[in-house]
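# Understanding the architecture of this molecule
For reference, the chains in residue letters:
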Amino acid sequence: MSDAPDTKVGIITGAGSGIGLACARRLAADGHHLVLVEYNAAALEACLPEFGEQAIGLVADVRLEADTRQMAQTALEQFTRIDYLIASAGVLRPGGELKTVAETSLDDWRFVVDTNLTGTFLSNQAVLPAMMQQRVGDIINISSVSGRKGQAFDATYCATKFGIIGLSESLAEEVRNFGIRVQTILPDAVDTPLWEQNGPAVMRAPVTLPPERIADVIAFMLNLPRDAYLMNPVVGTFRSGRRRKKNG
Amino acid sequence: MNRAILITGAGSGIGRALAVAFAGAGDRVALIGRRLENLEEVAAGLPGDGHLCLALDVTSENDMREMAARCQAAFGRIDILVASAGIGRSPGSERRLPWPVHELPRSEWQAILDVNLTGVFLSNRAVLGTMAAQGEGLIINVGSSLTPAGQRGRAFAPAYSASKYAVTGFTESLALEVGRSGIRVMVVQPGVIATPMVENTALSRDFGGSMRPESFAESVVGLADLPADHLLPDPYILPFKPTGTTP
C-alpha cells in the first residue's frame, strides 16, 4: 500500500463549485488536508468556512504559471507534502451563448483552451517536482464523454477534453517510474453550474449525475491498490424505467 | 454487505480472488466452476459462511439454468453476477506455442468462444429473470485489455481477442436492453494480472509486469459498492508500477 501518512494532503482546482467542491467535501470527510484553489474569490469565500482548519483557500488562476506554482508552494508550506492533485477547474464556454465553429472568436477559443487544457498542464506540472521527490503521488484530471466524441456547438470544449486525455496518457507514461499515478475520469452529464454557461433554457441534459457521484468515483480512484489504476473510466448515469416512473 | 454474489470461474485465478474479496466484504458467494474440488478448496478459505459451491459448466444451457435456480433457492435473491470464467486455450491442450490463424483448428477456436463468449451469454441470460423480478441487479462481465493502451487485437491470440471484443459488444447491448428493469450491466477490462494463464508470456512483458489478483478483485468490489444511480460501463483496470506476484 501507499507509504503516505494517514492524513493525506490534496490540492483541488476549481474547488468553489461543481465537481471540485464535491471532491473537497468528500475528501475532507476522510480527514484529508486540502488546498482549495478557485478563480472566483466570492465562491471560495462562501465555501471555505465549512472546512475549518482542514483546508486553506487560494484565489488563483490556473491559466497563469505563477499562480499554479504558488498553489504547489502553498501546499508544501502549509502541509509539507502533496499526495494528490484533482485538476477540476474547467469552463464550457464564455458568454452564455451557443456558437458554431464558424462563429467562435479566437478570444473565446483561447479562454476555454487556456482554462481547461493549459490549466490542466500547468497545475499538473506544478505538483510534479514535489511528487517526484516523494516518489509517490496521484493526479486526477477531468475529461468528459466529450473527450471521446465531439458534438455540435461544443467544438472548443470537446477539443480541450480530448486534449486532456492525450496530455494525461503521455504524462502517465513519463512519471509512472516515480510512483506518480495519473488517471483521467470521463463523466457524462453532471449537475453543475457549468450548464449555466449554455445560457437560458437550452441544451441541458435530460438526466444528470449529482457531482457527489463523480467525487465518489474520484475518491475510489485515489484509494485503489497501488499496483492498479483505472484507464479513462467513463461515468454514466443509470436510471431504470421503474425508478423514473416512481419519480414522476 | 450480505449480498448474494455469483462468480463463474471461481476455482482459480481472477475468479478465486474475486470470491475472496466479496466474501471479505461480508457477502455470500456462490462459486461456479467445472471442478468441485477446486471450488471447495477456495470456499474453505473464505471468511463468513453460507457460501455455495456449484460444479457447473458455463457452456451448458442446463447448467446455467441450474446455477440461477440453486442460487435463488439458497440465497432468495441474486444481487451480483460476476462472469469471470475465461480461457486462453482449450482445456487439456498440450500445445505450448500459440496458434497462428492459418493453423488454428476449428475445435480450438470453438472451445475458446464457447467459454469466453457463449459462457457470458448463458450465465447472464440465466440471472435476468430473477434480477428483473427484484427490480435491481448488477452484472459484471470480465473482458480483457490485451495491451497497455486498451482492448486491441493481438497477434497469435485471434480467438481470445475476438471473444473479448465480443463480450464488450454483448455487454453494451444487454445494458441498453435491461436498464429499464433496473439491471446494471458492465464489463471490466483487466490488464495483465499475475495468474497462471499469463505468467511468463509476452503479454506480461508488454505491460512490464502484472498486478496482483487481489488488487484487481479489490477494485471490482469497490466498483460494485458505488451507488446504483450511476455506472462505469467499461472501466479498464490496468497494472500500475507493476509489482509482479510479490505484494
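Model, not experiment: these values are computed from the prediction.

This part covers the pairing of strand 4 (residues 84–87) of chain A. Along a regular strand, successive side chains alternate from one face of the sheet to the other. All names here are of chain A. The side-chain alternation of strand 4 yields two buried faces, one formed by Tyr84 and Ile86 and the other by Leu85 and Ala87. As defined by bridge partners, strand 1 (residues 9–13) adjoins strand 4 across four bridges and the pair is classed as parallel. Within strand 4, the residue paired with threonine 13 across the bridge is alanine 87. Sheet topology places strand 4 next to strand 5 (residues 137–142); four bridges connect them, and they run parallel. Residue pairing across strands places leucine 85 opposite isoleucine 139, the latter belonging to strand 5. Handedness of the crossover joining strand 4 and strand 5 through helix 4 (residues 106–134): right-handed.

As a further point, take the interface of chain B and chain A. On the side of chain A, 29 residues touch chain B, which itself brings 36 residues to the contact. For the pair chain B and chain A, the summed buried surface comes to about 2,700 Å²; carbon and sulfur atoms form 60% of the total. Two residues, aspartate 227 of chain A and arginine 212 of chain B, come together in a salt bridge whose shortest N-O distance is 3.3 Å. One can count nine residue pairs in polar contact (both at pLDDT 80 or more) joining chain B with chain A. The element that contributes the greatest number of residues to the side of chain B that touches chain A is helix 7 (residues 213–225) of chain B, accounting for five residues. Residues that form the side of chain B that touches chain A fall into these classes: 19 nonpolar, 10 polar and seven charged. Pairing analysis gives two bridges linking strand 8 (residues 234–237) of chain A to strand 7 (residues 230–231) of chain B, with the strands arranged antiparallel. Of the residues in strand 7 of chain B, the one forming a bridge with glycine 236 of chain A is leucine 231 of chain B.

With that settled, the discussion passes to empty space enclosed by the protein. Picture a little ball the size of a water molecule; that probe, rolled over the atoms, points out where space is still empty. All names here are of chain B. The final tally for this structure, using the stated rule, is two cavities of 30 Å³ or more. Estimates place the volume of the largest cavity at around 50 Å³. Along the walls of the largest cavity sit Arg184, Met186, Leu223, Leu226, Pro227, His230, Leu231 and Leu232, which together make up its complete lining. When residues of the lining of the largest cavity are traced back to their parent elements, those giving at least two are strand 6 (183–190) and strand 7. When grouped by side-chain class, the residues that make up the lining of the largest cavity number six nonpolar, one polar and one charged.

Averaged over chain B, the pLDDT score is 92; the fraction of residues at 70 or greater is 96%. Low pLDDT, under 50, characterises residues 243–247 of chain B; the predicted model gives this stretch 10 contacts beyond four residues in sequence or across chains.

Residues and elements named next belong to chain A. Roughly 1,100 Å³ of internal volume is contained in the second largest pocket. Every residue lining the second largest pocket is counted, 48 residues in all, and those nearest its centre are Gly90, Val91, Leu92, Leu194 and Gln197. Elements that contribute at least two residues to the lining of the second largest pocket include exactly helix 1 (18–29), strand 2 (33–38), helix 4 and helix 5 (155–175). Across the lining of the second largest pocket, the residue classes tally to 22 nonpolar, 18 polar and eight charged.

Looking now at the pairing of strand 5 of chain A. Residues and elements named next belong to chain A. Of all six residues in strand 5, six are buried, a share of seventy percent or more. Along strand 5, one buried face is formed by Gly137, Ile139 and Asn141 and the opposite face, lined by Asp138, Ile140 and Ile142, is buried too. Pairing between strand 5 and strand 6 (residues 180–187): six bridges, direction parallel. Within strand 6, the position partnered with asparagine 141 by the bridge is threonine 184. Note on the crossover from strand 5 through helix 5 to strand 6: the handedness is right-handed.

This part is about the environment of serine 88 of chain A. Residues and elements named next belong to chain A. With respect to the secondary-structure elements, serine 88 resides in the loop between strand 4 and helix 4. For serine 88, a relative accessible area of 15% translates into the label buried. Sequence separation between serine 88 and isoleucine 19 is 69 residues; the distance between their C-alpha atoms is 6.8 Å.

What follows deals with the packing of aromatic side chains. Counted under the stated rule, the structure contains two aromatic pairs over all chains. Their ring planes at 75° and their centres at 6.4 Å tell us that tyrosine 229 of chain A and phenylalanine 240 of chain B sit as a pair that is edge-to-face. Residue tyrosine 229 of chain A is located in strand 7 (residues 228–231), and its partner phenylalanine 240 of chain B is located in the segment after strand 8 (236–239); the two belong to separate chains. Comparing tyrosine 229 of chain A with phenylalanine 240 of chain B, the two get one shared label, buried. A ring pair is formed by phenylalanine 121 of chain B and phenylalanine 170 of chain B, whose centres lie 6.2 Å apart and whose planes are at 80°; its orientation type is edge-to-face. Of this pair, phenylalanine 121 of chain B sits in helix 4 (residues 106–134) while phenylalanine 170 of chain B sits in helix 5 (residues 158–178); the two residues are 49 residues apart in sequence, bridging distant segments of the chain. The class of phenylalanine 121 of chain B is partly exposed, set by a relative accessible area of 33%.

What follows concerns the sheet that holds strand 6 of chain B. Spatially, 7(A)-8(B)-6(B)-5(B)-4(B)-1(B)-2(B)-3(B) is the arrangement adopted by the eight strands of the open sheet, whose pairing is mixed. One side of each edge strand has no neighbouring strand; the edge strands of this open sheet are strand 7 of chain A together with strand 3 (52–55) of chain B. The mean inter-strand angle of the sheet, taken between neighbouring strand axes irrespective of direction, is 20°. Bridge count between strand 2 (residues 28–33) of chain B and strand 3 of chain B: four bridges; the pairing is parallel. Across the sheet, the residue bridging to glycine 33 of chain B is alanine 55 of chain B, located in strand 3 of chain B.

The next point concerns the nonpolar core. Core analysis: the biggest nonpolar cluster contains 69 residues, and Ile86 and Ile218 of chain A together with Phe22 of chain B have the highest contact counts within it. Broken down by element, this core gets its largest block of residues, eight residues, from helix 6 (residues 211–222) of chain A. Setting aside its immediate chain neighbours within four residues, isoleucine 218 of chain A contacts Ile19, Cys23, Ile86, Ile140, Ile142 and Ile185 of chain A. Formed by 32 residues, the second largest nonpolar core is a distinct cluster that contains Leu81, Ile112, Ala126 and Val127 of chain B.

What counts and what doesn't
Residues numbered from 1 in each chain as written. Chains lettered and ligands numbered in written order. Predicted model: local features only at pLDDT ≥ 70, side-chain atom pairs only at ≥ 80, totals over all residues. Heavy atoms only, no water. Buried < 20%, exposed > 50% of the residue type's maximum accessible area, 1.4 Å probe, protein only. Helix = DSSP H or I, 4+ residues; strand = E, 2+ residues; numbered from the N terminus. Pairing = 2+ DSSP bridges. Right-handed = clockwise from strand over helix to strand, strands pointing away. Contact = heavy atoms within 4.5 Å. Buried area = accessible area lost by both parts, 1.4 Å probe. Salt bridge = Lys/Arg side-chain N within 4 Å of Asp/Glu carboxyl O. Polar contact = N/O pair within 3.5 Å; in protein donor to acceptor, adjacent residues only side chain to side chain. Nonpolar A, V, L, I, M, F, W, Y, C, P; charged D, E, K, R; others polar. 1 Å grid on protein atoms, 1.4 Å probe; cavity = no way out; pocket = protein on both sides within 12 Å on 5 of 7 lines; lining within 4 Å. Points joined across faces, edges and corners; volume = space filled by probe spheres on them. pLDDT = per-residue confidence, 0-100. Phe/Tyr/Trp six-rings, centres within 6.5 Å; stacked < 30°, edge-to-face > 60°. Axes fitted to C-alpha atoms, helices over the stretch in contact; angles between N-to-C directions. Core = buried A, V, L, I, M, F, W, Y, C linked by side-chain atoms within 4.5 Å.

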